[in-house]
Amino acid sequence: MTDQKHNLSFDDWDEVNFPRPEENDFDRVVERAVSRRGFLCSVLAFGSGAAVMGTGLLKGTTALAEAHAMKNRFPFTPIDIATDHEVHVPEGYTSKVLVSWGDPLFSDAEGYDVNAGGGAVEGSDRVFGENTDGMELFSFEGHEIIAVNSEYVNRDENLPAEQEGTPANADDVLKLQNLQGVTVMEVAPGDDGYSVVVDSPFNRRIHHNTPMTIAGPAAGHDLMKTEADPTGTESLGTMNNCGSGRTPWGTYLTCEENFNGYFGSTDADAPRPDGYDRYGIGADGWGYDYHKHDARFDYSKNPNEPHRVGWIVEIDPTDPESTPVKHTGLGRFKHENAACAVAPDGRVVVYMGDDERGEYMYKFVSNGTWAPGASTEGLLDDGTLYAAKFNDDGTGEWLALTPESTGMASLAEVLIFARMGASAVGATTMDRPEWIAVNPHAIEAYCCLTNNKNRGVKANAGGDETPVNGPNPRETNNFGQIVRWRPSEDDHAADTFEWDLYVMAGNPEVYPNNEYGGSDNVTPGNMFNSPDGMAFDSNGLLWIQTDGDYSNEGEFEGHGNNQMLVGDPVTGEIARFLTGPNGSEVTGVCWSADRRTMFVGIQHPGGSWPTGEGLPRSSVIQVTRDDGALIG
Ligand code: FEO
Ligand code: CA
Ligand code: CA
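Values in this document were obtained by computation on a predicted structure and should not be read as measured data.

**Student:** How would you summarise the sheet that holds strand 14 (residues 325-327) if you had to cite specific residues and measurements?
**Tutor:** The six strands are arranged 10-9-14-13-12-11 in an open sheet whose pairing can be described as mixed. In this open sheet, the two edge strands, each paired with only one partner strand, are strand 10 (234-236) and strand 11 (241-246). Across the sheet, the mean angle separating the axes of adjacent strands is 35 degrees when strand polarity is ignored. The sheet contact formed by strand 11 and strand 12 (residues 252-256) spans four bridges and is antiparallel. Bridged to Gly-245 within strand 12 is Leu-253.

**Student:** Before we move on, can you summarise the coordination of the calcium ion (ligand 3) with the specific residues and values?
**Tutor:** Binding of the calcium ion (ligand 3) to the protein goes through Glu-434 (OE), Asp-532 (OD) and Asp-547 (OD), at separations of 2.3 to 2.4 Å. Along the chain, the residues donating to the calcium ion (ligand 3) fall in the pattern E-x97-D-x14-D. Overall, the relative accessible area of 2% leaves Asp-532 in the buried class.

**Student:** Quick one: what's the story with the coordination of the calcium ion (ligand 2), residue by residue and with numbers?
**Tutor:** Octahedral six-donor coordination of a metal ideally yields angles of 90 or 180 degrees, compared with 109.5 degrees for tetrahedral four-donor coordination. Glu-336 (OE), Glu-434 (OE), Asp-532 (OD) and Asp-532 (OD) make up the full set of protein donors to the calcium ion (ligand 2), lying at 2.3 to 2.7 Å. All donor residues of the calcium ion (ligand 2) come from one chain, and their arrangement in sequence is E-x97-E-x97-D.

**Student:** Hey, could you go over unusual backbone geometry for me, with residue numbers and the actual values?
**Tutor:** Apart from glycine, the bulk of residues carry a negative phi angle, and the bulk of peptide bonds sit in the trans form. Look at the link from Trp-609 to Pro-610: it is a cis peptide, with omega at 5 degrees. Despite not being glycine, Asp-199 has its phi angle at roughly 70 degrees, a positive value. Checked against the element boundaries, Asp-199 lands in the loop between strand 7 (193-196) and strand 8 (204-206). The backbone phi angle of Glu-489 is positive, close to 55 degrees, even though this residue is not glycine.

**Student:** I'd like a description of the nonpolar core, backed by residues and values.
**Tutor:** In this structure, Tyr-262, Tyr-288, Val-350, Met-352, Tyr-362 and Leu-385 are the most contacted members of the largest nonpolar core, which totals 60 residues. Element by element, the count of residues in this core is highest for helix 9 (residues 411-416), at four residues. Residues in contact with Tyr-288, not counting those within four places in the same chain, are Phe-10, Tyr-152, Val-153, Arg-155, Pro-167, Val-173, Gln-180, Asn-240, Gly-261 and Tyr-262.

**Student:** I'd like a description of helix 10 (residues 418-425), backed by residues and values.
**Tutor:** Listed in full, the buried residues belonging to helix 10 are Ala-418, Arg-419, Gly-421 and Ala-422. What you see down the axis of helix 10 is that its buried residues fit within an arc of 160 degrees, all on one side. Residues of helix 10 that are buried in the fold lie against helix 6 (276-279), strand 16 (347-354), strand 17 (361-369), strand 18 (383-390), helix 8 (403-406) and helix 9.

**Student:** Outline the pattern of salt bridges, supporting the account with residue identities and numerical values.
**Tutor:** All chains considered together, the criterion is met by 26 salt bridges. The partner of Asp-229 in a salt bridge is Arg-308, with the nearest N and O atoms 2.8 Å apart. Here Asp-229 is found in the loop between strand 9 (211-215) and strand 10, whereas its partner Arg-308 is found in the loop between helix 7 (290-293) and strand 13 (312-315), with 79 residues between them in sequence. Judged by relative accessible area, which is 5%, Asp-229 ranks as buried. Note on Arg-308: relative accessible area 3%, which makes it buried. Salt-bridge contacts for Glu-356 lead to Lys-334; the nearest nitrogen and oxygen are separated by 2.9 Å. Placement of Glu-356 in the loop between strand 16 and strand 17 and of Lys-334 in the loop between strand 14 and strand 15 (335-342) is noted, with a sequence separation of 22 residues between them. We note that Glu-356, like Lys-334, is buried. A cluster of three or more residues bridged by salt bridges with shared partners is formed by Arg-278, Lys-334, Asp-354, Glu-356, Glu-359, Arg-419 and Asp-464.

About the thresholds
- Residues numbered from 1 in each chain as written.
- Chains lettered and ligands numbered in written order.
- Predicted model: local features only at pLDDT ≥ 70, side-chain atom pairs only at ≥ 80, totals over all residues.
- Heavy atoms only, no water.
- Pairing = 2+ DSSP bridges.
- Helix = DSSP H or I, 4+ residues; strand = E, 2+ residues; numbered from the N terminus.
- Axes fitted to C-alpha atoms, helices over the stretch in contact; angles between N-to-C directions.
- Donors = N, O, S within 2.8 Å, 3.2 Å for Na, K, Ca; no water.
- Buried < 20%, exposed > 50% of the residue type's maximum accessible area, 1.4 Å probe, protein only.
- Core = buried A, V, L, I, M, F, W, Y, C linked by side-chain atoms within 4.5 Å.
- Contact = heavy atoms within 4.5 Å.
- Arc of directions from axis to C-beta.
- Salt bridge = Lys/Arg side-chain N within 4 Å of Asp/Glu carboxyl O.

Structure, rendered in C-alpha cells:
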C-alpha cells in the first residue's frame, strides 16, 4: 500500500517521522555481503540435497531442471506484462467487476455518489468500502457470503477535490471511518456472473466505530483502559484491515495493520508512552487527521487508545448481530494476515506476519484443542505466542514469548508489546512479512517477504540490527522473496522447522550474474517484484499477488503493472495469470463455492478504472473460464 497523496509507502512515512538508528559502517556491510555468499552455498546444499524440502530453487540446482520435466499443471497460457489501465487475464478466461467501492449494499444507499468527493456522510456505512484487501468466501445454508477488508482510504478521492485530502470537520472524518473496516455481503450467481445481493440479511458494514469485545490475556489490563471504557474490554472499531484468515470453524479473521497512522495529538508536547516509537505513533499521524475531530484518536486525551488496535479480530459472517472479538492472545503488531492450521492433536495454530522492515514472523499455538462442532471458547486467546528464528543452515525454531523469556512484567504486556518481546528473545528480523499461506496438500507454509530496502543498511524501529541472514539473503532487497518452512514431525505446533526459499524475485535481464536476478524459477517471462498477497487453491497451487514498483523502469523494467501469478509448490514453476490496471495493487483472492469463479481484489487503481470515466474505484473482480471449468 502506498499513500497516493504523498507517494510514500507507509513504512517510509514511519521512517521520516521516526528516523532509524545510523547506518551500519561500510566494513560491516561488506562483511555481510561476503558471508551472504556462504549462505547461498549452504542453501544450495540444503535445497538440492533435501528432497523433503522441495526443489531447492536457487541458481545452480539440478532439481528445478528435473522438475521442469514434469507436466505443467497450469491450464492456461501465461500472459505478458501490461502497463495500461486494464485488467488482463489469459486467453479463454474472462474478468468483470463484481463490486466497486461506493456500490450500495442496501437499497437505501442507492445513488450514493462516489464522484462527488466520495459522496455524503449519509449512506457511507451502507456501501461497499474503499481499498479492498483480504477476503474469504463462506458457504452457509445455501448462501455464499464474502467477508472483505477495506484497508484504508484514498483521501484525495473520498473528500471534495478542493480539500486536497484533508478532512475539514467531524463529518469528513466519520465518512472516512465508515468507508474502511470490513464488508460482509452475500453474493449470488446469475446469467451474467455473480452479483451482490442488495439488502441480504447477511450484508453488514463493520467500520472504525463498530463495537467490539476485547478478549484474552490483555483484556482488562490497565494499558487497555480508557475513559470511555474503564473495563478495558470493549472497544470501538477495527482499522487498517489488511489481510485475512479463516478459522477452522468458519469465522473470518481480519488483521489490523498500519493502525498507528490514524492517531495523533492536538498537543505536540503531550507525553508519548512506552511503545509509541516502536509502533510508529506520533503527533501528526499520517494525514487522516482523526485526532483533530475525534478525541478518541487524540493521544494527548486518550493515550491508551492505540493499545486497543493492532490486533486480529474474529467476525462471524453468518450472524449480522454478532459482536466482533479482538483476540489479544494473537499479539499486537502490524498484522498482515492470519493463516490457520490444525495440529495433529487438535491444537489450533495461527501463523502471522508483522509487515514492517526488519520486524518478525509469529505463530500462536492454542492450549485447547478443536474438533468439528466442539466449543471454540478461548482457542484464539489461551495459548502461546512465538516468534520465528531462522538459522542459516536451513533449520529454525519458534521462540516462546512469555514474561520469563522476554523479561517483561506480564503476559498482557508481552502481547501488547509483542514486537519488543520478539526483539528480547532474539527472533530473526525479516524483509517485511506479508501474507502467509498453509499448503492444504502438504505440511508446510509459505510467507511473502515483500521487500526491504533497509536490509543490511539500517536497524529496525526497535534498534535491532538487520544484517543479511538466511531467509533474507540480499542487502537492499527491492525485489522480495517467498520463504517456506516445514514443521518438524509434520506438526504445525512443533517448536522447530526446516526452511528454504521457494522463490527469490528479481530481474534476470538487468542482473544476469548475481542474486538480484532472482532464483532459477524467475525468468524474463514471469518476473515480478514484491510478492504480497498469497493463497492456495484446492489443487494445491499457490496464487501470488504483488504490491510493488510498477514503473516498468530501471531495475523494474520488464515487471510491468502489479499482477497475480500462480506457482506450483512441487515443480517450482511460476506463471503470470493476471495483470492489474496501472497504479493498482492486486490483493485478496477467494473462490465461489463451486470453484468456477475466482474473486480478486484490485486496490487503489489509477486512471479511471474500471469504467474509463470519473474517479478510479477499487473493486473486486470475478474471473471465470469461458468453458465454465473449475478455476481453483
Ligand atoms: Fe496491507 Fe502489508 O499490506
Ligand atoms: Ca499486503
Ligand atoms: Ca505490500
